Amino acid sequence: MNEKANLGSWSITLLAAGCLLTMFSAAPASAGDDVVVLKAGVVHVGDGRAIEHAVVVVRNGRIAAVGPDVPVPGDARVIEMAEGSITPGLVEANAWVDPTDLLAPPPADAYTILNRFLHHHDPGHRDMTCCGSRCPRAYLHEAGKKCPICGWPDTAPRMAVGTNVGRVAVEQSSEVVPETRVLDGLNLRSPDFGRLARGGVTTAFVAPDTAAVIGARGAIVRTAGPMSQRVVREADAVQAVMSSDAFRRGQNNNLPMRHFVTFNTRRPVSRMGVDWVFRKAMYDAQRAGKGLPVSGADTPSPAALAALREILSGAVPVRMHARTQNDILSAFRLSREFGLPFTLVEGTEAYRCLDQLVSGHVPVVFGPIYVDAPGYRVYTGETDHNRVNTFKALLGAGVTTALSAHELRDEDGLARQALYAMRSGLKLEQVLPAVTATPAKLLGLGDELGTVESGKRADLIVWNGEPFAATSTPEVVMIGGEVVVDRRHG
Amino acid sequence: MRRLRIRVYALAALVCCGLPLSASRAQSPSAIVAGRYVAPDGTLVSGKAIVLSDGRVSGIKPGGEVGEATGVVHYPNAVVMPGLIDLRSTLGSVGATVTSKKAVDPDICAFDAVDWGHRDFAIARSAGITTVLIVPSPVNLVAGRAVVAKTVDSDSRVLRREGPMVLSLGPAVWRYDREPTSRSGSLAMLRSVLDAARRGEGPPRMQALVKGGLDSMVYCAEAMDVDAALRVMADVAGPNVLVYTGADLDVADELAGRGTIVVVGPYTFDMRPRVLALAGALSKRDIPVALAGGIPEMGRDSLRMTAALAVRYGMDPAAARRAITSVAAQAAGVAGRVGSIAPGRDADLVIFSDDPLRLDARVLAVYEGGVRVYADQEAMRSASRG
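If you're wondering where the values come from, they're calculated on a predicted model, not measured in any experiment.

The rules we used
- Residues numbered from 1 in each chain as written.
- Chains lettered and ligands numbered in written order.
- Predicted model: local features only at pLDDT ≥ 70, side-chain atom pairs only at ≥ 80, totals over all residues.
- Helix = DSSP H or I, 4+ residues; strand = E, 2+ residues; numbered from the N terminus.
- Buried ≥ 20, exposed ≤ 12 C-beta atoms within 10 Å, placed from the backbone.
- Axes fitted to C-alpha atoms, helices over the stretch in contact; angles between N-to-C directions.
- Parallel < 35°, antiparallel > 145°, perpendicular 65-115°, else oblique.
- Contact = placed C-beta atoms within 7 Å.
- Nonpolar A, V, L, I, M, F, W, Y, C, P; charged D, E, K, R; others polar.
- Domains from an automatic or database assignment.
- Pairing = 2+ DSSP bridges.
- Arc of directions from axis to C-beta.

A.B. asks: Before we go on, may I ask you to explain the overall build of chain A in this structure?
C.D. replies: Tallying secondary structure elements over chain A gives 13 helices and 18 strands in all. The buried share among the 490 residues of chain A stands at 45%.

A.B. asks: Is there a simple way to think about the packing of helix α6 (residues 271-289) of chain A against helix α7 (residues 302-312) of chain A in this case?
C.D. replies: Axes are the key here: two packed helices are described by the angle between their axes and the distance separating the axes. Residue and element names in this part refer to chain A. Viewed as axis vectors pointing N to C, α6 and α7 meet at an angle of 90°, and their least axial separation amounts to 9 Å. Overall, the two elements α6 and α7 adopt an arrangement that is roughly perpendicular. In contact with A281, M282, D284, A285, Q286, A288 and G289 of α6, α7 contributes L305, L308, R309 and L312. For the contact of α6 with α7, the residue count by class is seven nonpolar, two polar and two charged.

A.B. asks: I keep staring at the domain arrangement of chain B and nothing clicks. Help me out?
C.D. replies: In many analyses, interface size is given as the accessible surface area lost on bringing the parts together. Residue and element names in this part refer to chain B. For chain B, the domain assignment lists domain 1 (28-82 + 342-385) and domain 2 (84-332). The centre of domain 1, based on its C-alpha atoms, is set 29 Å off from the matching centre of domain 2. Of the residues lining the interface, 18 residues belong to domain 1; the matching set on domain 2 comes to 22 residues. Only β5 (72-82), β17 (363-368) and β18 (371-375) provide two or more residues apiece to the side of domain 1 that touches domain 2.

A.B. asks: Looking at this structure, I do not really get unusual backbone geometry. What am I missing?
C.D. replies: Both trends apply: most residues other than glycine have a negative phi, and most peptide bonds are in trans. For the peptide bond that leads from G265 of chain B to P266 of chain B, omega is 5°, which places it in the cis range. Assignment of secondary structure puts P266 of chain B in the loop between β14 (261-264) and α8 (273-276). In this structure, the amide linkage connecting I295 of chain B to the following residue, P296 of chain B, adopts the cis form with an omega of 0°. The topology assignment puts P296 of chain B in the loop between β15 (289-291) and α10 (302-312). Of note, H53 of chain A is a non-glycine position whose phi angle comes to about 45°, a positive value. Among the secondary structure elements, H53 of chain A is positioned in the loop between β2 (50-52) and β3 (55-59). Residue classification places H53 of chain A among the partly exposed residues on the basis of 13 C-beta atoms within 10 Å. The backbone of F468 of chain A sits at a positive phi, close to 70°, despite the residue not being glycine. Inspection of the secondary structure assignment puts F468 of chain A in the loop between β16 (460-463) and β17 (474-479).

A.B. asks: Explanation requested: the pairing of strand β7 (residues 201-206) of chain A in the structure shown.
C.D. replies: All names here are of chain A. Within β7, six of the six residues are buried, leaving the element largely enclosed by the surrounding structure. Examined bridge by bridge, strand β6 (residues 90-95) and β7 share four bridges and lie parallel to one another. Counted as the bridge partner of L90 is V201 from β7. In the sheet, β7 pairs with strand β9 (residues 219-222) via four bridges, with the strands oriented antiparallel. Its bridge partner being in β9, V206 is matched across the sheet by A219.

A.B. asks: How should the interface of chain B and chain A be read in this particular structure?
C.D. replies: On the side of chain A, 22 residues touch chain B, which itself brings 19 residues to the contact. Those elements that provide at least two residues to the side of chain B that touches chain A are α4 (183-198) and α6 (223-232) of chain B. For the side of chain B that touches chain A, the leading source of residues is α4 of chain B, giving six residues. In terms of residue class, the side of chain B that touches chain A is made up of seven nonpolar, five polar and seven charged.

A.B. asks: Where do I start with the sheet that holds β6 of chain A in this structure?
C.D. replies: Whenever strands of a sheet pair, they do so through backbone hydrogen bonds, lying parallel or antiparallel. Residues and elements named next belong to chain A. Read from one edge of the open sheet, four strands run β6-β7-β9-β10, paired in mixed fashion. Each of the sheet's edge strands pairs with one partner strand only, and the pair in question is β6 and β10 (231-233). On average, each strand axis in the sheet is inclined to that of its neighbour by 25°, with strand direction left out of account.

A.B. asks: Please explain the environment of F111 of chain B as it appears in this structure.
C.D. replies: Residues and elements named next belong to chain B. Within the secondary structure, F111 sits in the loop between β6 (84-89) and α3 (120-126). Note on F111: 21 C-beta atoms within 10 Å, which makes it buried. On a C-alpha basis, the gap between F111 and V327 in space is 22 Å, while along the polypeptide they are 216 residues apart. Not counting the four nearest positions on each side in its chain, F111 is found in contact with V147 and R161.

A.B. asks: Hey, could you run me through the packing of α4 of chain B against helix α5 (residues 204-211) of chain B in this one?
C.D. replies: Residue and element names in this part refer to chain B. It is the contact of α4 with α5, at a shortest axis distance of 8 Å, that shows an interaxial angle of 85°. The orientation of α4 with respect to α5, classified from their angle, is roughly perpendicular. Residues V193, L194, A197 and R198 of α4 form the contact with α5, whose own contacting residues are M206, Q207, L209 and V210. Partitioning the contact of α4 with α5 into residue classes produces six nonpolar, one polar and one charged.

A.B. asks: I'm lost on helix α4 (residues 191-198) of chain A in this one. Help?
C.D. replies: Residue and element names in this part refer to chain A. All of the buried residues in α4 are D192, F193, L196 and A197. Taken down its axis, α4 places every buried residue within 140° of arc, on the same side. In the core, the buried residues of α4 are packed alongside β6, β7, β17 and β18 (482-486). Looking at the residues trailing α4, positive phi occurs at G200, about 95°.

A.B. asks: Sorry, what's going on with the sheet that holds β15 of chain B here?
C.D. replies: Residues and elements named next belong to chain B. Strand order in the open sheet made by the six strands is β8-β11-β12-β13-β14-β15, with mixed pairing throughout. Looking at which strands have only one partner, the edges of the open sheet turn out to be β8 (142-145) and β15. Taken over all neighbouring pairs, the strand axes of this sheet differ in orientation by 25° on average, direction set aside. Pairing of β14 with β15, which is carried by three bridges, proceeds in the parallel orientation. Bridge pairing links V262 to V289 in β15.

A.B. asks: Got a minute to help me understand the environment of V210 of chain B in this structure?
C.D. replies: On the secondary structure map, V210 of chain B appears in helix α5. Leave out the neighbours within four places in its chain, and V210 of chain B touches L194, A197, R198 and V236 of chain B.

A.B. asks: Would you mind going over the environment of L167 of chain B with me for this structure?
C.D. replies: All names here are of chain B. With respect to the helices, strands and loops of the structure, L167 is situated in strand β11 (residues 165-169). Classification of L167 as buried rests on a count of 30 C-beta atoms within 10 Å. In the structure, L167 is positioned 62 residues away from A229 in sequence and 9.5 Å away in space, judged by C-alpha atoms. Ignoring any residue separated from it by four or fewer positions in sequence, one finds L167 in contact with L141, V142, A143, S216 and V218.

Encoded structure:
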């Protein structure tokens with residue numbers, strides 16, 4: 001036997017093996033496999049890559065293959081959008097879900113609805129102090145501004161079971177409630193999830209309202225699909241609030257005035273109070289950890305202390321909600337004091353703290369982008385220095401940033417937020433990861449979600465044009481291989 | 001003249017002696033023969049006699065065997081049903097069962113709130129309701145113990161002085177002056193109370209609850225409360241009974257095969273069709289469904305109206321008849337005593353002029369413990385004519 005003959009027989013063997021492998025990879029779906037094939041003009045993978053005329057093969061809820069020459073099983077369902085594109089499903093890193101969707105009373109006139117949404121008190125009572133008298137400067141009372149004469153709105157009596165209460169789902173019996181969970185108060189059947197899904201959002205971190213200084217732990221849920229698979233994580237990060245929301249959202253806290261004392265006669269009523277409550281809670285948790293007695297005002301409940309100790313040990317991630325620069329710096333200060341790495345949420349004035357965010361390696365869940373602050377934000381007075389290119393500044397500085405639409409939906413939802421981000425000069429390849437791969441990684445789901453790559457969950461959107469363009473909508477939304485939204489047939 | 005008077009007196013005495021005999025035969029019959037009776041499976045069966053003895057049902061025999069024996073009462077064309085059981089009653093205690101001071105109050109007993117001599121009990125009897133479950137108002141997370149009692153006026157009327165432990169999830173529990181103020185707060189509190197009970201701490205009744213020695217009834221306002229109840233109480237041998245009257249029919253997916261009884265109702269004519277379809281939808285998945293009426297606050301015939309509406313919107317009639325008798329008795333934990341016509345059960349029976357699911361059927365007579373406690377003579381006359 002000479003060497004040439006050996007080489008020849010080896011080549012034949014290798015060739016045969018190669019053919020066999022190709023045959024196996026092109027094998028039709030075996031019985032029981034659920035195979036769906038998606039085809040579009042371009043697939044945006046989510047990490048900056050775009051693949052022209054690619055085919056995505058989904059098998060049993062997972063992405064099996066992506067590419068222009070992927071073999072397609074003969075008996076698979078095909079979803080095709082020749083002029084469109086495919087992206088990963090959007091991941092909303094800071095969703096607020098309306099708890100009253102199903103419980104809301106029938107809509108009244110527009111003024112009443114607006115008042116309820118903006119947490120205004122009953123207009124007939126708004127100028128009254130707690131003892132029933134009227135402030136002599138009541139005509140100067142302005143929403144968002146504190147009256148120097150009577151302290152309105154902090155001292156006005158709150159309607160006991162009023163319009164405020166219904167729209168805040170977080171536990172309000174205390175300002176420190178890390179033992180509670182958003183999932184317990186979350187209505188997975190709320191129509192709000194349908195709105196999210198139709199907007200292309202497939203996974204959402206549902207955050208608690210910003211009403212408590214140390215609030216509930218958020219829940220990570222899918223926006224559609226069978227109920228048994230909706231919950232991804234029951235209790236994720238805890239949210240601490242540095243902004244004035246801690247004493248303005250929900251039932252406002254009030255000072256004790258004369259003899260009028262309610263459940264909400266408590267700290268904080270100012271930013272000093274917010275920091276005090278946070279510090280007291282953490283110091284008490286540290287004392288409890290050392291077996292020392294805890295006492296004094298605003299001592300957290302035993303259940304809260306146990307949860308706080310878990311937070312201090314690093315077992316529970318921490319998010320801090322802040323809009324203004326001073327609140328963001330408070331977050332840094334408290335984080336350093338207690339050794340708590342955190343994620344910044346909202347960050348309206350984050351452009352004034354870029355150095356600290358970069359050197360502190362602090363990820364940011366930024367949003368929403370707006371010109372006129374939507375919803376209750378305008379009445380906080382903290383959005384006066386908002387800029388439309390803050391998100392661009394964060395990305396440019398190298399801060400890990402996810403984009404969020406919070407409570408905005410439909411034509412103001414996350415897809416539209418991505419459009420606004422691109423309008424300030426960013427490319428699709430820079431913005432798409434901020435609503436897919438980056439939030440997936442921040443939520444600890446980077447292995448499962450966020451990009452169109454083989455092995456990940458089939459959470460996908462088929463757009464009828466360029467993703468996020470003003471003329472595009474998510475035509476088909478798929479979660480775990482199941483089509484949950486399909487607009488193709490009118 | 002004197003002899004005539006004596007004969008008149010003798011005749012009068014004989015007549016007077018005769019009257020109580022015939023009256024007592026109707027008051028405590030030895031058997032009841034009616035056109036049809038409601039069997040334990042809820043179907044209408046004809047041609048049977050219900051034999052009574054010592055206040056209990058002692059047997060079911062073919063009607064012909066009993067015939068015209070002494071003490072047999074006939075209700076031709078009528079339907080005999082076990083006495084109805086209302087699971088959501090405030091008889092004798094309207095307004096007296098509401099307290100919201102403490103969110104966790106396992107030691108409250110509804111028994112203490114009831115005025116047992118209230119005239120509403122007589123009205124309930126005339127509507128065919130022989131047993132009621134009176135609950136402490138579900139405005140607290142752990143609201144206390146319900147009481148199960150008969151509507152008859154007797155010393156032995158209370159079947160369970162300490163009945164099911166009532167828990168409540170949903171907005172009714174939230175207050176502005178005490179915890180909890182939200183669902184997340186309610187469930188955090190419930191978890192911590194159950195954990196403490198498992199460790200052997202806290203109120204003895206809560207410890208009995210987690211060990212399985214106490215049955216529980218959980219009021220749920222929304223489907224998410226049903227999910228939460230099943231999740232949080234999964235390892236607490238329960239919950240045994242859920243109370244839910246909502247429009248989310250997909251709760252059937254979580255409840256199927258668990259054996260948890262669902263109490264639905266009261267139903268009114270102005271409710272949404274989806275809500276009215278709930279009882280039928282659950283029943284079709286073999287989930288035990290009991291119906292509640294709400295006497296006296298929802299009206300004296302609310303229980304029958306609820307059953308009629310449930311059937312109209314898809315519930316099987318036999319299941320509806322069971323829902324207001326035997327399954328209701330199971331939910332109250334008294335199925336061994338009342339709720340079905342079977343040997344050994346108490347003789348609590350209602351005689352209807354027709355199928356009780358028909359709203360034009362009238363109550364002809366009501367028996368509790370084998371003694372007739374209500375009779376509508378005029379209705380009986382017109383029923384026997386027609």
